[in-house]
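# Reading the structure
What follows is the residue order along each chain.
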Amino acid sequence: MSNKSTVDNLMAELSDRQQTLSLGDRAFNLDKLASDTFDLLVVGGGITGCGIALDASSRGLKVALIEAYDFASGTSSRSSKLIHGGLRYLQQFEFGMVREAAFERHLLTKLAPGLVSFLPFVLPVYGTIKDSFKYRAGLLAYDLVSGRKSGHRHRTLSKTELFELSKLIENKSLKTAYEYADAITDDVRLTIQIAKVAASLGCTLSNYLQFISFSKNGSDITGAIVLDRQTEKEFTIKARQIVTAGGVWTDKLGLPQQSLSIAPSKGSHILLKADRMLPPKAFTMTSPSDRRLVFAVPWYGTVFLGTTETPYKGDPSQPLVTKEDAKYLLETINHQFPSANYGEKDIISSQAGLRPLLKQKGKSLSKTSRKEQILRLSHNLSCVGGGKLTTYRPISARVVDSIFPHLGMPKWAASITSNIPLLSRIAEQPAHNIETSVIHPLTKASPRTYFYQSVKHSETTEDNNPLQCACFHTESQVHYCLKNEMVITIEDFLARRTRTILLDPQNGTVAAEQVSNLMGQTLAWTEEQRLAQLDSYMRFAKQHQINTN
Ligand SMILES: Cc1cc2nc3c(=O)[nH]c(=O)nc-3n(C[C@H](O)[C@H](O)[C@H](O)COP(=O)(O)OP(=O)(O)OC[C@H]3O[C@@H](n4cnc5c(N)ncnc54)[C@H](O)[C@@H]3O)c2cc1C
């Protein structure tokens, strides 16, 4: 069969199937995981693991995926939300990586319209004409390396635009300003969408299912012993090949000595009120203290500002934004926009994440390559580390390419994910280009507009009472997520299926009570379980305020 007809058949199949991850599916999947033998078991439900599961399932493999907590609960919910070529990687001469990322940026706007959209970035330039030339040369190189298929080329702002900008910036040494395009997404929704498509292609997956150790026959790995964190029961999953995509947890998976060595690097963001300065476009700024690039990005009606870069040694599950991190970011934005005069009181919430960087001798964190590494640890075990949200798809394809020859299959199928849409037609929005992206839902105040299927669902049901938060979500969306998105804890709903924890000034702590009652009814929680859930959420919500310890 030709590649084209394989894809056409797949698409017909996909549109017939519902893309859901229901709780019923979880129970069904657990039985299947315990009884079947899989071609491939993927450990880790971040964007890398979900991408591998989708790629392998679409090539006809029988795939299982396990995630110890919730899908995207690790680094994949804590990124800068950019699908970008990576302007600053040009300084490190990573031309191949920038080119691949720029290609993916363009492709993902097509595969996930509305979920990945182009966004204009303004780069003001100060100082001398020489400085303007330097930035111009950088942007020309970005256009050139990105290639014709990347989408958009940079331009110089017109005199009128520059005048408007100079009023905002109040800096007399503003020489010129450029506009270039990158893309914006919601990292969690992108990861979950990938998981849903993988599930619709036959992947058996579950959250709250933790890898404990390898099951062995003598010294031969035959599968994995896993723990269902809901019931505390252990069981074994049989698999012919295993790949770990455990991000910053890779060192903790008990892999053989020669596996990847991860150096976690913490990146902090703060979300600011957009009342005095909602940039319809994103701004690229340099920090006055260390000249690093910092981005102020319009995200669901807030200013999403980041990031920092510091080495990290603590618990990978609990990176926090410190007072110093917040000070660094506030100084940078106030240096750029003095009249905005942002202070700590204007911070809605914060988010810290850990980059799963691969240790590289003699290189500083900011100079460490973001390129992934795939290691073959035995004849049936691989691990992958590093990488970026943007390039999850080619990374996943390379992982599956490296595994295929070891499956002993007569036919070697090539990756077809560049042809698999991530959103069903009902979710599609008109394509956005650089001019119209200012009206993109991710940059608007109401995430309600973006929460496609659930919005559709809530508009056709009667239990449409609003949740007590500043995010326009409704009770029916809790029901929708319980039914369709494998929501198990309050945190799953308020922190990841919706981004209430980041967007609501009270971090969703008021809505949590209401959500706990709704979830408790469906999941038959005892009062003790409901209170334990609430307590756990309150502690998690606190991690999204500035840490003063
Ligand atoms: C601050 C910051 C900003 C970033 N910004 C961008 C950006 O704008 N654009 C971009 O392209 N990239 C960005 N990145 C990089 C990108 O976010 C990461 O490369 C990507 O999310 C990594 O995904 P992952 O799946 O490899 O790791 P993770 O998302 O961390 O997934 C690993 C998963 O493994 C699970 N796991 C761990 N142990 C077990 C176990 N025993 N059993 C089962 N599961 C287990 C974890 O719970 C976790 O969910 C950023 C990163 C950071 C930190």
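Thresholds applied
- Residues numbered from 1 in each chain as written.
- Predicted model: local features only at pLDDT ≥ 70, side-chain atom pairs only at ≥ 80, totals over all residues.
- Heavy atoms only, no water.
- Helix = DSSP H or I, 4+ residues; strand = E, 2+ residues; numbered from the N terminus.
- Buried < 20%, exposed > 50% of the residue type's maximum accessible area, 1.4 Å probe, protein only.
- Near = heavy atom within 4 Å.
- Polar contact = N/O pair within 3.5 Å; in protein donor to acceptor, adjacent residues only side chain to side chain.
- Areas by Shrake-Rupley, 256 points an atom, 1.4 Å probe, with all protein chains shown as cover.
- Nonpolar A, V, L, I, M, F, W, Y, C, P; charged D, E, K, R; others polar.
- Axes fitted to C-alpha atoms, helices over the stretch in contact; angles between N-to-C directions.
- Parallel < 35°, antiparallel > 145°, perpendicular 65-115°, else oblique.
- Left-handed = near helix turned anticlockwise from the far one by under 90°.
- Contact = heavy atoms within 4.5 Å.

### Notes on the overall build of the protein
Scanning the protein from N- to C-terminus turns up 15 helices and 18 strands. By residue count, 59% of the 549 residues in the protein fall in the buried class.

### As for the site of the ligand
Near the ligand lie 37 residues; those nearest to it are Thr48, Glu67, Ser76, Leu82 and Thr390. The contact in question runs from an oxygen atom of the ligand to an N or O atom on the backbone of Thr75, over 3.0 Å. In isolation the ligand exposes 1000 Å². Once the protein is present, 96% of that is buried. If you list the elements that add at least two residues to the shell around the ligand, you get helix 3 (47-58), strand 8 (209-217), strand 11 (262-272) and strand 16 (347-358). Residues of the shell around the ligand, tallied by class, amount to 13 nonpolar, 19 polar and five charged.

### Observations concerning the packing of helix 12 (residues 490-497) against helix 14 (residues 509-523)
It is at 9 Å that the axes of helix 12 and helix 14 come closest, and there the two elements cross at 125°. Classified by the interaxial angle, the pair formed by helix 12 and helix 14 is oblique. Here helix 12 runs over helix 14; the crossing is right-handed. Across the interface between the two elements, Ile490, Phe493 and Leu494 from helix 12 touch Ala511, Ala512, Val515, Ser516 and Met519 from helix 14. Across the contact of helix 12 with helix 14, the residue classes break down as seven nonpolar, one polar and no charged.

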